Amino acid sequence: MENSDKENKYIRARERVEELKKFYGNLTSYVLVISGLALINYFTNHFAYAWFLWAAFGWGIGIVFHAIKTFDLNPFFGKNWEKRKIEEIMRDDEHQNKWK
């Protein structure tokens, strides 16, 4: 039993590291690409029309949602909520089946 617990912890830790790696990769790509677009925008029209901000805004929304998912920042339906709800349903089910 102890061996499977260690294996489960390792698998969860590895999945967590993968989530973090994907987020930081996305964030790094965002910074590099938006910086490149800003440079192109500057050299083509000296920010007379800052069109690169549209890309920064759109991708930035995606980054925010990715961060919310990765760092479990959702106060309503986060992992803690899932855990509590599963435990509640299991308790209710156990209580209902106890008297049948």
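The paragraphs below set out a description of the structure included in this document. Being a predicted model, the structure only gives us computed values, none of them experimental.

We now examine the pattern of salt bridges. Where side chains of opposite charge bring their charged atoms close, a pairing between them can arise. In total, this model carries three salt bridges according to the counting rule given. In this structure, the salt-bridge partner of Glu19 is Arg16, at a minimum N-O distance of 3.5 Å. Of this pair, Glu19 and Arg16 both sit in helix 1 (residues 2–45), separated by three residues, roughly a single helical turn. By relative accessible area, which is 25% here, Glu19 ends up partly exposed. With a shortest N-O distance of 3.5 Å, Glu88 and Lys85 are connected by a salt bridge. Here Glu88 and its partner Lys85 are both found in helix 3 (residues 79–98), three residues apart, which amounts to about one turn of the helix. The exposure class of Glu88 is partly exposed, given its relative accessible area of 32%.

So, about unusual backbone geometry. Look at His46: it is not a glycine, yet its phi comes out positive at around 50 degrees. Positionally, His46 belongs in the loop between helix 1 and helix 2 (52–70). Judged by relative accessible area, which is 54%, His46 ranks as exposed.

Once that is clear, we can look at the nonpolar core. Ranked by size, the top nonpolar core spans eight residues in total: Phe23, Tyr30, Ile34, Ala38, Phe52, Ala56, Ile63 and Ala67. Looking at this core, the elements with two or more residues in it are helix 1 and helix 2. Excluding its chain neighbours within four sequence positions, the residues that come into contact with Phe23 are Ile63, His66, Ala67, Thr70 and Phe71.

Conventions we followed
- Residues numbered from 1 in each chain as written.
- Predicted model: local features only at pLDDT ≥ 70, side-chain atom pairs only at ≥ 80, totals over all residues.
- Heavy atoms only, no water.
- Salt bridge = Lys/Arg side-chain N within 4 Å of Asp/Glu carboxyl O.
- Helix = DSSP H or I, 4+ residues; strand = E, 2+ residues; numbered from the N terminus.
- Buried < 20%, exposed > 50% of the residue type's maximum accessible area, 1.4 Å probe, protein only.
- Core = buried A, V, L, I, M, F, W, Y, C linked by side-chain atoms within 4.5 Å.
- Contact = heavy atoms within 4.5 Å.

Purely geometric numbers; function is a separate question.
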